[in-house]
Amino acid sequence: MLQLRHLKLRALTAQSEFGCDLSFDKPVNVVRAGNTSGKSTCLQAVNYALGLERAFGPRTGIPMTFAMQERIQRLKDGPYERVLQSYVELEVENVTGALLTVRRDITGGTETKLIQTWPTGRLTGVGPPADQRDFFVHDAGAAQHEDGFHTYLANFIGFDLPRVTRYDGGESPLYLEALFPMFFVEQKRGWSALQGPFPTHLQIQDVPRRVMEFILDLDIGKTRRELAEVRIQLRDSLSSWTVRRDDLLATTRNGCRISGVPVKPTPEFVHDPRAPIDYFLDGQWVSIEAALQALTERQLALREAPPPSSQTAASAIEVELAELRHSLDELSVRQEDIRDRERAQKQQMSAIETRLSDLKTDLERNKDALKLKELGSILGHAASDHQCPTCHQSVDAELMPLASGTGMAIDKNVEFIRSQIVMYEASAGSIARQLAELQLLAAALQQQSVEMRARVRALRQALMQPADSPSIAALEAALVAQSKIADLNASQERVDEVISELIDIAREYVRLDALSRDLARAGISPTDRSKIDYLVKTIREQLVLYGYKSFLPTEITLAEDNLRPIAEVRDEGEIVQREIGLNDSASDGTRLKWAYYLSMLALARHAPINHFQLNIFDEPGQQEVEWESMVQFLKWIAENVKDRQQVIVTTSETKQRIESALAGFDANIINFEGFILQPK
Amino acid sequence: MPVDRLSAERFSFVERPIPVPGDLRLSWRIPIVLLMLHHSRQNKASLVKLHVLNDAVRTPTGAERLRQIVRDQLPPVFWQPRIEPAFARAIDFANGDGFVTWVSTTNGSGLSLTDKSGPVLSKLIEMTDVLADEKQVILELAGKVTEGFAKSLLASSRVA
C-alpha cells in the first residue's frame, strides 16, 4: 500500500521562489484548476519523485513541464522569470503507518538520478528526525540492488516483486514501472487504452498478463512460476542423466552393447532398472553371461591341453590361417555393407530433419496466422472475412495463386501439421535407434577385425618358430581369452556402478515430471475465480451507474489471458468474444476504464492483493464524457474509497460543479484559481 | 458390381480443403507487409526493398545471407533477386483494405502506410508472442536495407 500525504514543488528564480504545497490528507482528493494551470505538472512531479516516470515512456529526459525547468510566470500574459533551481518533495505512507519523504532535484541541483530519502514525515512534521539515505534510479540494478531506489520502494509498499522473463530470454523483476500504469492514469496516453498502456521498453514478455497476475495475486501466476522452476530442475536432471548415460555407453565400446537404458528416464526404469550387456562373440551378439561362460570354457580347454610343439601345430596353423584370411574377407564385405546402410540411414535422417524443421516453421506460421486472425476486423476484410476488399469475392484460397481448391481452415491446418510432425518425429526416432544399432555393430566388427589381424600376426610368427619349442599360437589364444574375461568383468562392474546413479537420477526425474504435469494441468483456482467474478460484478454495477451504452453491462467480462475487459455477445445463437476498441465510442471507453480500475480498488478492500490502494486519475472527464457520468464516478469514489485507500482526481470542471457533486461527502477539494505554482 | 447398379447410384464428390503453408496465409502475410513498412524510414519503402526484405523474412538462409551482405561479409552478387507472386497478392490485399497506399520513391514505385494501419500495427507490436522471429529479422534488417542499398543489390545482380 502507498498513500500520498504531501507534495511540495519548488522552482527558484533570481527574483522569487515559486511553488505549491498539496496535502492529500483524505481518502478522496480532487485537485481543481483551470486548463494549463499546472495540474498535470503536479502529477508528473509525483511520478518523478518516485522515479517512476519511465512507466509512461522510454524517454530519458526530465518529464517535467517547462515551468519547472526553464521559465515560469506569475500570471498569464505576465513576464517570464528564468528557473535557476527546482525540485520536488513527496511524503508517503505505507500500510504499517511508516512514513517516507523523498526529494528529487529537477534542475540546478544534484544529479537527477539521485533520490534523497528520509524515513520520516519531513513535510508534515510528523515523526522523529531521521538520517538521510540516498538512492539511484534508472541505473542498471535500480530495482534489483540493495541501494536501488525501486528495491527500497517496493519493500516500503510491501511488494515482493516476482521474476519475469525478458525478450532476450533472461529474467528481471517485474519492475514497479510496469505496474504503475494500472494505478496512475496519465492524461496524454492513459485514456487511450483500457489496460495501461504498459511500457514496452522494459523488455518484459507479456507485460499485461504478468502485471495483472501480480496485482490480483493470482494463483495461476504462482503456479506458472513454480512450473518454470520445476522445468528448470527437470532440464538439469535430464542433462545429468544424459551425461551419465553417455558415460555408460562409452565404457562399453569394446565390443559390448548395452540396452535397456532409455534416452530419457522413465518410470519403468525406476521400477525395473535393467541394463543387459551383450558381447559380440564370433560374429554375433550374445549376453555377457553367455560370453563369459564361453570364454572361460575356451580358456580352460586351452589350459588343460598341453601346448603342442611348433612342428605338430604347423599344419593346424596353416589351416587356421587360411580360414582366418577367408573370414577377414567376409568381415570386410560385411563392414562395407554396414557402412552403406549407415550412409543411407544418415541421408534419410537428414531429409527427415529438414522436413521436420520446415514443418515446425510452418506450424509456427500457421499458429501465428491463427492468433492474428483473432484480431478480427482491424486486420482488414481480406484476412478476417476472407473477402476481397475490392471485388468482394471469396479469397478462401488465401495467397495460393495456382490453387483451384479451398484452403484448409487455419485451426485444421495447425492440427494437420502437428500430426505430420508427430509422424516425422516417430520416423526420426526409429532411424536414430537403427543408426545407433548399426554403429554399435560397426564398432564390434571393427574390434573383431583388429583381433583377427592380431591372430594372423601371431600365427605367422608361430610358423617361423624353431620346430621343438611350444607353439606360441596356442599360448596367445589362451592369453587373449583371459584378457577378454577380465575386460568383460570390468565392464560389468562399471555398468553396475553407473546404473545405481542412474536410478537415483531417474527417480528424481520421474517425480519432477509428474509434478510438472500436475502444475501444467492446474487451471484457474477457485480463489482466482472468485476474484475475477468480483471484478466483473463490480465493473458491471458501475457501468450501469455511469450510463455505459456500447454494450450491455452484462456483456462485459474479463479476458482469460490477461484480464482485459472484453465483451461477450450473442451472434446468431453463438457466444462470441469481442475486443472493445476505444475508437467506437471514446467516452464509453473512458467510463469502462473508470469502472475497471476502481473495481480493482474495490477488490483490494476484500482480498489481500498487491494493490497500491491508490488510484490517480488525471483529467478523467476525457472525450467529452457527460457531466452526469462524471458525477456518478465521483460519487462512487466518495462512497467506496475510505480507510487506507486513496484516490486523487484532477479536473478543470468548475468549483461549484465539483462541490455539488461531492456535497455531503468528506472529500478534500483542492481548488486553484490561476496557476498552481505561485510565488511563496 | 453390375453395370446397371453403377449407373443407378449417384456419386457425390466433396472437395477437401488443402493445407496452406503459413506464409501463404493472408493473416500472416499482411501483418508482415505492415511491419516491414513500419520499420522502414518514414513508414514507406519501394517494392524493390520490400521484395529483398520479404526474401529474408521467409527463410532463415535468406535472412542469414542478407545479414552477411549488409555486414559486408559477403559481396552483393550473392543476392538472388526473387519475385514471389504471393507477396504481390498480399500487397494488393493490403492496399485494397486501405492499410497501404502506392507512392513513388527514389527506387521506383513503393508503398506507404496509411493512418488506417495504426490500430493493427499497435496490436501487432503489443502481441509479443506472435511473429517473434519475423519481427526480429525485420527489426534488424529493415533499417539497414536502405533504398540505396536495395538498388545496389539489384544492380549487382544485373548482367552488365
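First, a word on scope: everything that follows refers to the structure included in this document. (Residues numbered from 1 in each chain as written. Chains lettered and ligands numbered in written order. Predicted model: local features only at pLDDT ≥ 70, side-chain atom pairs only at ≥ 80, totals over all residues. Heavy atoms only, no water.)

Some remarks on the overall build of chain A
Thinking step 1. Each helix and strand in chain A was counted, giving 16 helices and 21 strands.
Thinking step 2. Considering chain A as a whole, with its 680 residues, one finds that 49% of them fall into the buried category.
Thinking step 3. Considering only intrachain contacts with a sequence separation of at least 6, the fraction spanning at least 24 residues in chain A is 67%.
Thinking step 4. For chain A, the computed accessible surface area is about 33,200 Å², with 50% contributed by carbon and sulfur atoms. (Helix = DSSP H or I, 4+ residues; strand = E, 2+ residues; numbered from the N terminus. Buried < 20%, exposed > 50% of the residue type's maximum accessible area, 1.4 Å probe, protein only. Contact = heavy atoms within 4.5 Å. Areas by Shrake-Rupley, 256 points an atom, 1.4 Å probe, with all protein chains shown as cover.)

Some words on the interface of chain B and chain A
Thinking step 1. Contacts between the two partners involve 37 residues from chain B, matched on the other side by 38 residues from chain A.
Thinking step 2. Area buried by chain B at its contact with chain A is led by B:Arg25, B:Leu26 and B:Ser27, which between them contribute 18% of it.
Thinking step 3. Connecting chain B to chain A are three salt bridges.
Thinking step 4. One salt bridge connects B:Asp129 with A:Lys371, and the closest N-O pair in it is separated by 3.6 Å.
Thinking step 5. Of all the elements in the fold, those that place two or more residues in the side of chain B that touches chain A are α2 (26-38), α3 (47-58), α5 (85-96) and α6 (118-126) of chain B. (Buried area = accessible area lost by both parts, 1.4 Å probe. Salt bridge = Lys/Arg side-chain N within 4 Å of Asp/Glu carboxyl O.)

Points about empty space enclosed by the protein
Residues and elements named next belong to chain A.
Thinking step 1. If you walk through the whole model with that rule in mind, you get one cavity of 30 Å³ or more.
Thinking step 2. Taken as a whole, the largest cavity encloses approximately 40 Å³ of empty space.
Thinking step 3. Lining the largest cavity, in full, are Phe56, Pro181, Phe184, Glu186, Arg189, Gly190, Gly196 and Pro197.
Thinking step 4. Considering only residue class, the lining of the largest cavity consists of four nonpolar, two polar and two charged. (1 Å grid on protein atoms, 1.4 Å probe; cavity = no way out; pocket = protein on both sides within 12 Å on 5 of 7 lines; lining within 4 Å. Points joined across faces, edges and corners; volume = space filled by probe spheres on them. Nonpolar A, V, L, I, M, F, W, Y, C, P; charged D, E, K, R; others polar.)

Description of the environment of A:Leu218
All names here are of chain A.
Thinking step 1. Here Leu218 is to be found in the loop between α5 (207-215) and α6 (219-251).
Thinking step 2. The exposure class of Leu218 is buried, given its relative accessible area of 5%.
Thinking step 3. Considered as a pair, Leu218 and Asn610 are 392 residues apart in the sequence and their alpha carbons are 9.8 Å apart.
Thinking step 4. Here Leu218 is in contact with Glu213, Asp528, Lys531 and Leu563, once residues within four sequence places are set aside.

Observations regarding the pairing of strand β17 (residues 574-579) of chain A
A regular strand carries its side chains on alternate faces of the sheet.
Residues and elements named next belong to chain A.
Thinking step 1. Counting buried positions along β17 gives zero out of six residues, so the element sits mostly on the surface.
Thinking step 2. Relative to β17, strand β16 (residues 565-571) is paired through six bridges, and the arrangement is antiparallel. Bridge assignment links Ala567 to a residue of β17, and that residue is Arg578.
Thinking step 3. The hairpin formed by β16 and β17 contains two residues between the paired strands, and Glu572 there has a positive phi angle of roughly 50 degrees. (Pairing = 2+ DSSP bridges.)

Examining the pattern of salt bridges
Thinking step 1. In total, this model carries 58 salt bridges over all chains according to the counting rule given.
Thinking step 2. Salt-bridge contacts for A:Glu451 lead to A:Lys484; the nearest nitrogen and oxygen are separated by 3.0 Å. Placement of the pair is A:Glu451 in helix α11 (residues 410-463) and A:Lys484 in helix α12 (residues 472-521), with a sequence separation of 33 residues.
Thinking step 3. A:Glu451 sits in the partly exposed class, given a relative accessible area of 27%.
Thinking step 4. Here the salt bridges do not stand alone but share partners, grouping A:Arg365, B:Asp23, B:Arg29, B:Arg58, B:Glu84 and B:Glu134 into one network.

Concerning unusual backbone geometry
Residues and elements named next belong to chain A.
Thinking step 1. Residues other than glycine seldom take positive phi values, yet Asp643 does so here, at roughly 50 degrees.
Thinking step 2. With respect to the helices and strands, the residue Asp643 is situated in the loop between α15 (627-640) and β19 (646-651).
Thinking step 3. Note on Asp643: relative accessible area 59%, which makes it exposed.

Observations regarding the nonpolar core
Thinking step 1. Among the nonpolar cores identified, the biggest contains 119 residues, and A:Leu179, A:Leu216 and A:Phe633 are the most heavily contacted of them.
Thinking step 2. Considering each element in turn, this core owes the most residues, 11 residues, to helix α14 (residues 586-606) of chain A.
Thinking step 3. Those residues in contact with A:Leu216 that sit more than four places away from it in its chain are A:Lys531, A:Leu535, A:Leu563, A:Met600, A:Leu603 and A:Ile609.
Thinking step 4. Membership of the second largest hydrophobic core comes to 67 residues, among which are A:Leu372, B:Phe87, B:Leu124 and B:Leu131. (Core = buried A, V, L, I, M, F, W, Y, C linked by side-chain atoms within 4.5 Å.)

Here's the deal with the environment of A:Leu179
Thinking step 1. Secondary-structure assignment places A:Leu179 in helix α4 (residues 176-179).
Thinking step 2. Sequence separation between A:Leu179 and A:Ala55 is 124 residues; the distance between their C-alpha atoms is 7.9 Å.

Considerations on the packing of α2(B) against helix α7 (residues 132-141) of chain B
Residues and elements named next belong to chain B.
Thinking step 1. Between α2 and α7, whose axes approach to 10 Å, the crossing angle comes to 25 degrees. Taken together, the axes of α2 and α7 are roughly parallel relative to one another. Crossing of α2 against α7: the hand is right-handed. Contact with α2, carried on its side by Trp28, Ile32, Leu35 and Met36, involves Glu134, Lys135 and Ile138 of α7 and no other residues of that element.
Thinking step 2. Among the residues forming the contact of α2 with α7, the class breakdown is five nonpolar, no polar and two charged. (Axes fitted to C-alpha atoms, helices over the stretch in contact; angles between N-to-C directions. Parallel < 35°, antiparallel > 145°, perpendicular 65-115°, else oblique. Left-handed = near helix turned anticlockwise from the far one by under 90°.)

Description of the sheet that holds strand β20 (residues 668-671) of chain A
Thinking step 1. Taken in spatial order, the five strands of this open sheet run β11-β18-β19-β3-β20 (chain A), and their pairing is parallel. Because the sheet does not close on itself, it has two edges, and the strands there are β11 (184-185) and β20 of chain A.

Focus: the sheet that holds strand β1 (residues 44-46) of chain B
Residues and elements named next belong to chain B.
Thinking step 1. Read from one edge of the open sheet, three strands run β1-β3-β2, paired in antiparallel fashion. Of all strands in the sheet, those bounded by a partner on one side alone are β1 and β2 (100-105). This sheet shows a mean twist of 30 degrees between the axes of neighbouring strands, independent of strand direction.
Thinking step 2. Two strands pair when backbone bridges link them, and β1 and strand β3 (residues 108-113) are joined in this way by three bridges, in the antiparallel orientation. By the bridge assignment, Lys44 is partnered in β3 with Ser112.
Thinking step 3. The sheet strands contacting α2 are β1, β2 and β3, and the helix crosses β3 at an angle near 100 degrees.

Re the pairing of β20(A)
Residue and element names in this part refer to chain A.
Thinking step 1. Side chains Asn668 and Ile670 project from β20 onto a buried face, and the interleaved Ile669 and Asn671 project onto a face without burial.
Thinking step 2. As defined by bridge partners, strand β3 (residues 28-32) adjoins β20 across four bridges and the pair is classed as parallel. Paired with Asn29 across the bridge in β20 is Asn668.

Some points on the packing of aromatic side chains
All names here are of chain A.
Thinking step 1. Enumeration over the complete set of coordinates arrives at 18 aromatic pairs over all chains.
Thinking step 2. Look at Phe159 and Phe612: their rings are 5.6 Å apart centre to centre, the planes differ by 70 degrees, and that puts the pair in the edge-to-face class. Of the two residues, Phe159 is situated in the loop between α3 (149-157) and β9 (163-165) and Phe612 in the loop between α14 and β18 (614-618); the sequence distance between them amounts to 453 residues. Take Phe159 and Phe612: they sit in the same class, and that class is buried.
Thinking step 3. Seen from their ring centres, Trp241 and Phe269 are 5.3 Å apart, and the 90 degrees between their planes marks the pair as edge-to-face. Of the two residues, Trp241 sits in helix α6 while Phe269 sits in helix α7 (residues 267-271), which places them 28 residues apart along the sequence. Residues Trp241 and Phe269 agree in their burial class; the two are buried. (Phe/Tyr/Trp six-rings, centres within 6.5 Å; stacked < 30°, edge-to-face > 60°.)

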